[in-house]
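# Examination of the molecular architecture
Spelled out, the chains give:
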Amino acid sequence: MAVGGLTALFLLVVLARTMSLAAATPGAGGVLALVVGLLPVALGTALPVGLLFGLATAARTWRLGGDWRALATAGRGTRSVVPGVLGLGLLAACLLAGIGQVAEPAGRRQVRVALTRAVGELHLRPSQPVMVGDALVVAEEVDGEALGGVVIASGPTALTARTGRLSGGGAVGLVEGEALQLGDDGAVTARLQFTTATLRLDVEGPRQEIEELSASALRARVERMQAAGRDATAEALALHKRSSLPAGLPLLALLAVPLGARGGRPGAVSTAVVAGWWVVLRLSDQAAPGLGPLVAAWLPTVAVAAAAAVAWATWRDR
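Structural notes, computed from the coordinates. Everything numeric here is computed off the predicted structure, so don't read it as measured data. (Residues numbered from 1 in each chain as written. Predicted model: local features only at pLDDT ≥ 70, side-chain atom pairs only at ≥ 80, totals over all residues. Heavy atoms only, no water.)

### Side note on the overall build of the protein chain
- Across its full length, the protein chain carries nine helices and six strands.
- What you see for the protein chain is a C-alpha radius of gyration of 27 Å, clearly larger than the 20 Å of a compact globule of 318 residues, by over 25%.
- Summarising its shape, the C-alpha atoms of the protein chain cover approximately 90 × 50 × 35 Å along the three principal directions.
- Within the protein chain, the proportion of its 318 residues that are buried is 37%. (Helix = DSSP H or I, 4+ residues; strand = E, 2+ residues; numbered from the N terminus. Rg over C-alpha atoms; globule rule 2.2 N^0.38 Å. Buried < 20%, exposed > 50% of the residue type's maximum accessible area, 1.4 Å probe, protein only.)

As structure tokens, this is what we get:
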């Protein structure tokens, strides 16, 4: 339940952020493609947090219900739950590894394709301004690709046209219009009238990111960059994290049990652990050039292992 709820929440957040940064707003089909593509991203983020919150909640419930005491009375120490907790952590680790190695790169590639397609397929609504790259486009009348009362502004330049027509690749054909060059004070410094003109809006689709590459493609990029004498720290760090982060989930599961069994609020416990893990992750990223990508990638996992060992060692009821 925790993983499902957090996945839905993170999906909404990452979808809103992706669309707010897009050069052009995709249509209904594009939005659906974004949702499908971003689902593995949201699930990969929610899985560790949901695992931590769910196990902490279960351990706290056992404390409140006397289950831990009953377990000890029956001669079974609290360590008897370790195999089951580790099994659940390993299952989550396999799922996260599959997401990081296959599903998330494929999903991010789909997102890039959807956003690139949206750049070349402008969707305007009557009298509703749309930002396309650094240009503002608005039309009083919209009938499919046919436009009426077109205004396009970009920097100190403004264009108006009686009619226009959208075409592929972000191009706009204008008929019977005027181009104005404005000064710093807003005064017109140059004026040009035209009968017909074609304007190609200067927009670019999102560039390919490291997260979109499959494991084999990312490994090949690292090898090419190293052979050419280029710094491949960021790429190697991303490659190692696809193994180190899933490996930390069984340890995270072990950490959740003593923290929840001590009676701490699961929400507060999960927030504190996630915040600490995020700090260690960011610090290791910053230290990657000095430590090396392999050590930096595994440092957060080592930190979780140390925290789990301390939590179990200091749990009086264990």
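### Some points on a nonpolar patch on the surface
- Nonpolar side chains collect at one region of the surface, where Leu291, Leu294, Val295, Trp298, Leu299 and Val302 lie side by side and expose about 510 Å² of accessible area between them.
- At five residues, the largest contribution of residues to the nonpolar patch is made by helix α9 (residues 293-313).
- Within the element layout of this structure, leucine 291 appears in helix α8 (residues 266-291).
- According to the relative accessible area criterion, leucine 291 is partly exposed, its value standing at 43%. (Patch = residues over 30% accessible without salt bridge, like charges linked within 9 Å, V, L, I, M, F, W, Y side chains within 5 Å. Areas by Shrake-Rupley, 256 points an atom, 1.4 Å probe, with all protein chains shown as cover. Salt bridge = Lys/Arg side-chain N within 4 Å of Asp/Glu carboxyl O.)

### As for the sheet that holds strand β3 (residues 146-154)
- Taken together, six strands build an open sheet; the order of strands is β1-β2-β3-β4-β5-β6 and the sheet is antiparallel. Two strands in the sheet have a free side with no partner beyond their single neighbour: β1 (130-132) and β6 (188-200). Ignoring strand direction, the axes of neighbouring strands in this sheet form an average angle of 20°.
- Inspection of the sheet shows β1 paired to strand β2 (residues 135-143) by three bridges, in the antiparallel sense. Within β2, the position partnered with valine 130 by the bridge is valine 137. (Pairing = 2+ DSSP bridges. Axes fitted to C-alpha atoms, helices over the stretch in contact; angles between N-to-C directions.)

### What to know about the environment of threonine 157
- Looking at the secondary structure, you find threonine 157 in strand β4 (residues 157-167).
- Setting aside its immediate chain neighbours within four residues, threonine 157 contacts Ile152, Leu180 and Gln181. (Contact = heavy atoms within 4.5 Å.)

### With respect to the nonpolar core
- Counting 27 residues, the largest nonpolar core has Trp68, Val85, Leu249, Leu252 and Val257 as its most contacted members.
- At the level of secondary structure, the elements contributing two or more residues to this core comprise α2 (28-65), α3 (67-73), α4 (82-120), α7 (249-261), α8 and α9.
- If we skip the residues at most four places from it in the chain, tryptophan 68 touches Ala59, Trp62, Arg63, Thr78, Val81, Val257, Ala261 and Trp315.
- Grouped together as the second largest cluster of nonpolar side chains are 17 residues, Leu124, Val137, Phe194 and Leu201 included. (Core = buried A, V, L, I, M, F, W, Y, C linked by side-chain atoms within 4.5 Å.)

### Things to note about the pairing of β2
- Sheet analysis places β2 next to β3, joined by seven bridges and oriented antiparallel. Note on β3: the bridge partner recorded for leucine 136 is alanine 153.
- Taking the residues between adjacent antiparallel strands as the criterion, β2 and β3 are bridged by two residues, where glycine 144 takes a positive phi near 70°.

### Quick word on the pattern of salt bridges
- This structure, assessed with the given rule, holds six salt bridges.
- Among the ionic pairs, glutamate 104 bridges to arginine 108, the shortest N-O distance being 3.0 Å. Here the residue glutamate 104 and the residue arginine 108 both occupy positions in helix α4, the gap between them amounting to four residues, near one helical turn.
- A relative accessible area of 18% places glutamate 104 in the buried class.
- According to the relative accessible area criterion, arginine 108 is partly exposed, its value standing at 27%.
- The salt bridge involving arginine 282 is made with aspartate 285; its shortest N-O contact spans 2.5 Å. Of the two residues, arginine 282 and aspartate 285 are both situated in helix α8; the distance of three residues between them amounts to about one turn of the helix.
- Via salt bridges that share partners, Lys241, Arg282 and Asp285 belong to a single interconnected network.

From the geometry alone we can't say anything about function, so treat these as descriptive.
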